[in-house]
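# Topology and contacts: notes
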Amino acid sequence: MSKKAASIDMTAMCDVAFLLLTFFILTATAKQPEPLPVQTPASTVQTKLPEMGLVTLTVGKNSEGESVFFGMKDRDVRAKTLELMGEKYNVIFTPKEIEQFSLIEEFGVPVSGLKQLIAMSSADRGKAGVQPGIPADSLNNELKDWVMYVRKANNVDLGKEKELDFAIKGDAKQQYPQIRKIMDLFQDQEINNFSLVTGLRAKPKTN
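Residues numbered from 1 in each chain as written. Predicted model: local features only at pLDDT ≥ 70, side-chain atom pairs only at ≥ 80, totals over all residues. Heavy atoms only, no water.

With respect to the helices, strands and loops of the structure, glutamate 163 is situated in the loop between helix H6 (142–157) and strand E5 (165–170). According to the relative accessible area criterion, glutamate 163 is partly exposed, its value standing at 44%. Counting along the chain gives twelve residues from glutamate 163 to arginine 151, while the straight-line C-alpha distance between them is 7.8 Å. Those residues in contact with glutamate 163 that sit more than four places away from it in its chain are Arg151, Asn154 and Asn155. (Helix = DSSP H or I, 4+ residues; strand = E, 2+ residues; numbered from the N terminus. Buried < 20%, exposed > 50% of the residue type's maximum accessible area, 1.4 Å probe, protein only. Contact = heavy atoms within 4.5 Å.)

With that out of the way, let us pick up the side chain of glutamate 97. Among the secondary structure elements, glutamate 97 is positioned in helix H3 (residues 95–101). Given the relative accessible area of 15%, glutamate 97 is considered buried. With sequence-adjacent residues up to four places away left out, glutamate 97 is seen in contact with Leu82, Ile92, Lys115 and Ile118.

In this section: helix H2 (residues 75–88). Over its 14 residues, H2 runs 20 Å from end to end, which matches the ideal 20 Å to within 8%, given 1.5 Å per residue. Among the residues of H2, Val77, Arg78, Ala79, Thr81, Leu82, Leu84, Met85 and Gly86 are the ones counted as buried. The positive-phi residue at the C-terminal boundary of H2 is asparagine 90, with phi of around 55°. (Expected span 1.5 Å × (residues − 1).)

By themselves, these figures tell us nothing about what the structure is for.
Here it is as structure tokens:
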């Protein structure tokens, strides 16, 4: 009997592969660039932060020195918090500005500079020197107001039952006093439970 080489038509398989690839590309969410990149300290803890209901205070250094950036995961909480801060500091934000601000996950400018920041493109916001950080000193502590009003926006204005989770994300080389200031701010507002963001490293091998 004559032997013939077997062949398999892979056209259908290639079509399925390209369809799956297209699906994953279209449904994937692009990671937003961090306005204040930090190298977090290493840890073996694998506890994952919540995807929603999270407020992150990022502490690091940029061209202006030590800076603090404020991040909120929930879009509706961002919008309502901006309205409350505008009322506090007598800055009127238009509905369009509030909507655009709700798309910004993390920022680091005084309230007086938010309008200019909102009007920028996402690429321009990430340029060095554009965001100097949120004032957090004893004479002008806007950071304290952001923490206070984000809780009010979540619990009172939006009526959410679940309390917000708070996290501190600091650079591994960051000096402790700056982190301690954030902890003291949390204590002043009776926020006793918060997370410290770390980077995962391999566990040491045991004999």
